[in-house]
Amino acid sequence: MLESLSKGKFRWINEKLYTSSSSSALELFQNNPLMFDEYHQGFRSAVSSWPVNPVDIFIDYLKGKPKDWIVADLGCGE
């Protein structure tokens, strides 16, 4: 049940982040610093139930590329 609640909270926070400005998202986390950890805990929980993690697809793709490639991950998260 706790895992289900964690996933639900993650979905709620994720929706808030996708539908608000950067300054609103910053304010959301500043007003509730624990929400940052709750978001990432929920994300990890959600990913564990996905049939395929998209990150693994990118990793497999990059394994076949030249070793001198420079790759930057400019996202945020895990």
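Residues numbered from 1 in each chain as written. Predicted model: local features only at pLDDT ≥ 70, side-chain atom pairs only at ≥ 80, totals over all residues. Heavy atoms only, no water.

Per an unreviewed UniProt entry, the protein chain goes by 550_t:CDS:1 and derives from Dentiscutata heterogama.

(A) Focus on the environment of Lys 9. Along the chain, the position of Lys 9 falls in helix 1 (residues 2-18). Residues Lys 9 and Gly 42 lie 33 residues apart in sequence; the distance between their C-alpha atoms is 6.9 Å. (Helix = DSSP H or I, 4+ residues; strand = E, 2+ residues; numbered from the N terminus.)

(B) Highlighting the nonpolar core. Ranked by size, the top nonpolar core spans 7 residues in total: Phe 10, Ile 13, Leu 28, Phe 29, Met 35, Tyr 39 and Ala 46. Listed by contribution, the elements that provide at least two residues to this core are helix 1, helix 2 (22-31) and helix 3 (34-48). The element that contributes the greatest number of residues to this core is helix 3, accounting for 3 residues. Excluding its chain neighbours within four sequence positions, the residues that come into contact with Phe 29 are Ile 13, Leu 17, Met 35 and Phe 36. (Core = buried A, V, L, I, M, F, W, Y, C linked by side-chain atoms within 4.5 Å. Buried < 20%, exposed > 50% of the residue type's maximum accessible area, 1.4 Å probe, protein only. Contact = heavy atoms within 4.5 Å.)

(C) Layout of the packing of aromatic side chains. Using the criterion set out here, one finds 4 aromatic pairs in the structure. Their ring planes at 65° and their centres at 5.8 Å tell us that Phe 10 and Phe 43 sit as a pair that is edge-to-face. Taken as a pair, Phe 10 in helix 1 and Phe 43 in helix 3 lie far apart in primary sequence, 33 residues in all. Under the relative-accessibility criterion, Phe 10 is labelled buried at 7%. Taken together, a centroid distance of 6.0 Å and an interplanar angle of 90° make the contact between Phe 43 and Trp 50 edge-to-face. The exposure class assigned to Phe 43 is partly exposed, which follows from its relative accessible area of 23%. (Phe/Tyr/Trp six-rings, centres within 6.5 Å; stacked < 30°, edge-to-face > 60°.)

(D) Quick peek at the pattern of salt bridges. Scanning the model with the defined rule gives 1 salt bridge in all. The partner of Lys 9 in a salt bridge is Glu 38, and the shortest N-O contact between them spans 3.3 Å. A residue pair is termed long-range when its members are at least 10 positions apart, and Lys 9 in helix 1 and Glu 38 in helix 3 qualify at 29 residues. (Salt bridge = Lys/Arg side-chain N within 4 Å of Asp/Glu carboxyl O.)

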